[in-house]
Each structure stands twice: as C-alpha cells, then as structure tokens.
Amino acid sequence: MAWNPEVYNQFKSERAAPFYDLLALLKIRPGLEVIDLGCGTGELTAKLADKLPNASVLGVDSSAEMLDRSSQTGGSTLRFECIPIEEHLRKPQQWDVVFSNAALQWVPDHETLFPQIISHLRPGGQLLVQMPDQPHNITNRLLAELAEQPRYAEVYQGWNRASHVLNLDRYAEILFECGSKSMQVFEKVYPLVLKDVDALVTWVSGTALLPYLERLPESLKDLFLEDYKALLSKHFSKTPVFYAFKRILMEATF
Ligand SMILES: C[S@@+](CC[C@H](N)C(=O)[O-])C[C@H]1O[C@@H](n2cnc3c(N)ncnc32)[C@H](O)[C@@H]1O
C-alpha cells in the first residue's frame, strides 16, 4: 500500500499523542534490545531510542515511502529495515522490548500474530502496543458501509477492509494465555477537534482511506470521496467537528 508521509504528518501532534502515552508505559533499563514494528517514518522510533540508555533499536516497516525519511532521524543505536512485519517475525531473533505504535491494525489474524510476537520476547521482556479501535470508530465503519454500495461493490468484487482488531478483553486473555506476569490493557479516547468534515476526510486519507482508494479506477476516486464526505456529514453535522477517536493501548511483561 502506498503511504504518503506528507498527508500522514499533517496531524503530527494528534498522531504522536498516543505514542507518548505508550512510551510512558515502557520500563526503562540500560542496554535493551528493542524492535519497533511498523515504525513508519522512524521519527517516533528515534524518540523511543532517545529515552533508552545504551539501547539497540531496530525499526521495521514494509513501506519504502515511509522509511525513505528515516535516515534523517537515525542515530548510532538506531537501525531500520524495509521488510513486512510477518516476514521479520520468521527470523529467530529475541528482543527485550517489542514496541508497536499504530501499525498492527494493518496485520491480519491477531489470534496468531500476538502469540507469535510474544514468542520473540526474552524472559522479563515487555510488549507495548497501541492501535486504533477500528471496529468502534465511525470513520472506519462508514468506509466499510460505503464500499458495499453497488457501484463500488462491483469494483471491489467482495473485498472490504475487514478490521483485524479484536476486543479489549480478548487481548488481555491472549496476554494471559501467553504467560504475562503483569499487564495493563485499556482504551482511551483521543479527542479530535477539526475545522470541518473536509478536515476529517483529510485525517482519514492519511491512513484508512488508502486501501479503498487504491483499488478504485481514477474515474471513481473523486466520487467515492464525495460520497464518503456526505456520509460523514450526516454523522458530524456541527462545526467544529468533534471526533472521539478510540485507541487500544496495552503493555505486558513476560
Ligand atoms: C499509521 S503508520 C504508524 C507509523 C509509526 N509507528 C508512527 O507511530 O508514526 C502505520 C505503519 O505501519 C506500516 N505497516 C502496515 N502494515 C505493515 C506490515 N505488514 N509490515 C510492516 N509494516 C507495516 C505502514 O507501512 C506504516 O508505516
């Protein structure tokens, strides 16, 4: 999927807020070996590395467009690799910390993925993950609904972006089943205050809209955006637009 760092970074501070909440849950020790799954541009991976004394931090991401920027922020203990998360998890490496901010919602089958990720943690290791609570976020639900309208369904041929995100309590159960010694699993609303619905479309166009648009012919893209805006306008009829964007945060030690 083609990511656009310019569009993604238009809401830099809004997108960084949950990262800092996740970072605050990190148990800092010297000399940690850390992996950041789906590190994006690597700017926040650099902030993670800054917090850690004598750490070795590896950021992995499958998007060359996002990683293109990483060299601007990379320090001596910070490396990046352009590789899908699923492929990297097939390597036998062990880590003290697996960190992932706003990325695992793109990777399917969390029932298998989370145990697999946890199996890469050393004893005493910590997992830290943040993801949007897609099934409960209206911007995602309306996209899925629009894709089922006949003129788009004809193009998508049964495709729709299924949400991979599970319920909060299921993540807690998975952490327990994988032998966690302690955990914090919670949902938090990140209030988004935007000028109007156009700004909300721009917010979504940095992430969730991408797989829908890239599957449409040029002739349908503007129409899809107009229809999506109309659906959003019914829901967000006041200005400024207030959107209670929900995210799941979790940390556990093993
Ligand atoms: C919303 S961005 C978050 C980036 C960064 N963690 C941050 O907080 O700014 C999601 C990132 O996940 C990456 N991603 C999605 N699916 C992936 C996969 N299967 N393997 C590797 N990276 C993936 C995308 O390329 C994108 O850079």
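The rules behind each value
- Residues numbered from 1 in each chain as written.
- Predicted model: local features only at pLDDT ≥ 70, side-chain atom pairs only at ≥ 80, totals over all residues.
- Core = buried A, V, L, I, M, F, W, Y, C linked by C-beta atoms within 7 Å.
- Buried ≥ 20, exposed ≤ 12 C-beta atoms within 10 Å, placed from the backbone.
- Helix = DSSP H or I, 4+ residues; strand = E, 2+ residues; numbered from the N terminus.
- Contact = placed C-beta atoms within 7 Å.
- Near = placed C-beta within 6 Å.
- Nonpolar A, V, L, I, M, F, W, Y, C, P; charged D, E, K, R; others polar.
- Pairing = 2+ DSSP bridges.
- Axes fitted to C-alpha atoms, helices over the stretch in contact; angles between N-to-C directions.
- Parallel < 35°, antiparallel > 145°, perpendicular 65-115°, else oblique.
- Left-handed = near helix turned anticlockwise from the far one by under 90°.
- Arc of directions from axis to C-beta.

S.K.: Honestly, the nonpolar core in this entry has me stumped. Any pointers?
M.R.: Note on soluble globular proteins: their nonpolar side chains tend to be buried together. Counting residues in each nonpolar core, the largest one holds 40 residues, and the members touching the most others are Val34, Leu37, Val57, Val98, Leu127 and Met250. With five residues, the single largest contributor to this core is strand β5 (residues 121-132). In this view, methionine 250 contacts Val129, Tyr171, Met183, Gln184 and Val185; residues no more than four positions away in its chain are not counted. If you look at the next biggest cluster of nonpolar residues, it comprises 14 residues, including Val204, Phe224, Tyr228 and Tyr243.

S.K.: Teacher, can you tell me more about the site of the ligand here?
M.R.: What surrounds the ligand is a group of 19 residues, the closest being Gly38, Gly40, Ser62, Ser63 and Trp106. The residue inventory of the shell around the ligand, partitioned by class, reads eleven nonpolar, six polar and two charged.

S.K.: Honestly, the sheet that holds strand β6 (residues 182-194) in this entry has me stumped. Any pointers?
M.R.: Hydrogen bonds along the backbone pair up the strands of a sheet, which may run parallel or antiparallel. As summarised here, the arrangement of the seven strands in space is β3-β2-β1-β4-β5-β7-β6, forming an open sheet in which the pairing is mixed. Two strands bound the open sheet, and with one partner strand each, they are β3 (78-82) and β6. Neighbour-to-neighbour, the strand axes of this sheet turn through a mean angle of 15°, independent of strand direction. When strand β1 (residues 33-37) meets strand β2 (residues 56-61), the two strands line up parallel, connected through five bridges. In the strand pairing of β2, aspartate 36 is matched with glycine 59.

S.K.: Even after reading the chapter, I still don't get the packing of helix α10 (residues 197-205) against helix α12 (residues 218-235), so can you show me in this structure?
M.R.: Each pair of packed helices can be described by the angle between their axes along with the distance between the axes. Here α10 crosses α12 at 120°, and the two axes come no closer than 10 Å. As far as their axial angle goes, α12 and α10 are oblique. Of the two possible hands of crossing, α10 and α12 adopt the one that is right-handed. Where α10 approaches α12, its residues Val197, Leu200 and Val201 are matched on the opposing element by Leu225, Tyr228, Lys229, Leu232 and Ser233. A class-by-class count of the residues in the contact of α10 with α12 yields six nonpolar, one polar and one charged.

S.K.: Just checking my understanding: could you explain helix α6 (residues 110-118) for this structure?
M.R.: A turn of α-helix holds 3.6 residues, and therefore any two residues three or four places apart point the same way. Burial in α6 covers these residues: His110, Phe114 and Ile117. Looking straight down α6, one finds that the buried residues subtend no more than 65° of arc, so they occupy a single side. Of the residues in α6, the exposed ones pointing more than 90 degrees away from the buried face are Glu111 and Thr112. At its buried positions, α6 is contacted by β4 (95-101), β5 and α9 (168-177).

So, to be careful, I would describe these as geometric facts and stop short of saying anything about function.
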